[in-house]
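Coordinates in review
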Amino acid sequence: MKTFVVGISGVTNGGKTTLAKNLQKHLPNCSVISQDDFFKPESEIETDKNGFLQYDVLEALNMEKMMSAISCCIESQQHPLVSTDLGNAEEIPILIIEGFLLFNYKPLDTLWNRSYFLTIPYEECKRRRSTRVYQPPDSPGYFDGHVWPMYLKHRREIEDTTWEIVYLDGTKSEEDLFSEVYEDLTQELAKQKFKY
């Protein structure tokens, strides 16, 4: 049976990874691939005129390697599956891909069965980002000089997508976000089941 592919994208520190992991715990036959696992080494990251490392761009990621991992995951899921108590969705393998630059990478466009984009306001994003430890650490002014402007640029780029993106409020609690997406996905999965 064809793998049902879910994209969870959005702003840095918006809750993408947490949401993906929560869904994986509750959905049968579900795998997760994280875009953050495909960053190139720091030595290969460009620096802008202000000395900021350009991590928030597609060029900072090994997207070919990520596409290969996605293909391998989809191929490995095409096997008889275990029965679960999720009703109509029980036989459909699910792949969740989460990352901050999914919907800006054209080769992924045809893959999505469902797309979600998490947003949070500037102040909340800056506050959350300041509580995280990155390797390498964020330099002074990095959020305002690189991270937030790149987020706004990439968000504008996806406004004209040809498929539906469901925008989510990342300031909601983990539980509320999970419930909203889980309910939406189970409905979509039930529809997919009837196609086969």
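For the structure, check the block above.
Keep in mind it's a predicted model, so treat the numbers as computed, not measured.

Definitions and cut-offs
Residues numbered from 1 in each chain as written. Predicted model: local features only at pLDDT ≥ 70, side-chain atom pairs only at ≥ 80, totals over all residues. Heavy atoms only, no water. Core = buried A, V, L, I, M, F, W, Y, C linked by side-chain atoms within 4.5 Å. Buried < 20%, exposed > 50% of the residue type's maximum accessible area, 1.4 Å probe, protein only. Helix = DSSP H or I, 4+ residues; strand = E, 2+ residues; numbered from the N terminus. Contact = heavy atoms within 4.5 Å. 1 Å grid on protein atoms, 1.4 Å probe; cavity = no way out; pocket = protein on both sides within 12 Å on 5 of 7 lines; lining within 4 Å. Points joined across faces, edges and corners; volume = space filled by probe spheres on them. Nonpolar A, V, L, I, M, F, W, Y, C, P; charged D, E, K, R; others polar.

1. Notes on the nonpolar core
- Grouped together as the largest cluster of nonpolar side chains are 35 residues, with contacts concentrated most on Met 66, Ile 70, Ile 97, Leu 102, Phe 103, Leu 108 and Trp 112.
- Of all the secondary structure elements, the ones that give two or more residues to this core are α2 (63–76), β3 (94–98) and α4 (142–157).
- Considering each element in turn, this core owes the most residues, six residues, to α4.
- Non-local contacts of Leu 102, meaning those with residues more than four positions away in its chain, are made with Gly 7, Ile 8, Ser 9, Gln 35, Met 66, Ile 97, Leu 108 and Trp 112.

2. Let's talk about empty space enclosed by the protein
- Enumeration according to the criterion identifies one cavity of 30 Å³ or more in this entry.
- Reported here for the largest cavity is a volume of approximately 80 Å³.
- As for the largest cavity, its lining consists of Gly 10, Val 11, Thr 12, Asp 56, Phe 100, Leu 101, Phe 117, Val 147, Met 150, Tyr 151 and His 154.
- Considering every element that reaches the lining of the largest cavity, the biggest residue donor is α4, with four residues.

3. Quick notes on the layout of surface pockets
- One number sums up the size of the largest pocket: a volume of about 800 Å³.
- Taken together, 35 residues make up the lining of the largest pocket; nearest its centre are Thr 12, Asn 13, Asp 36, Arg 132 and Tyr 134.
- Among the elements of the structure, α1 (16–26), α3 (122–130) and α5 (174–195) are those that each provide at least two residues to the lining of the largest pocket.
- At five residues, α1 tops the list of elements feeding residues into the lining of the largest pocket.
- Residues that form the lining of the largest pocket fall into these classes: eleven nonpolar, 14 polar and ten charged.

By themselves these figures say nothing about function.
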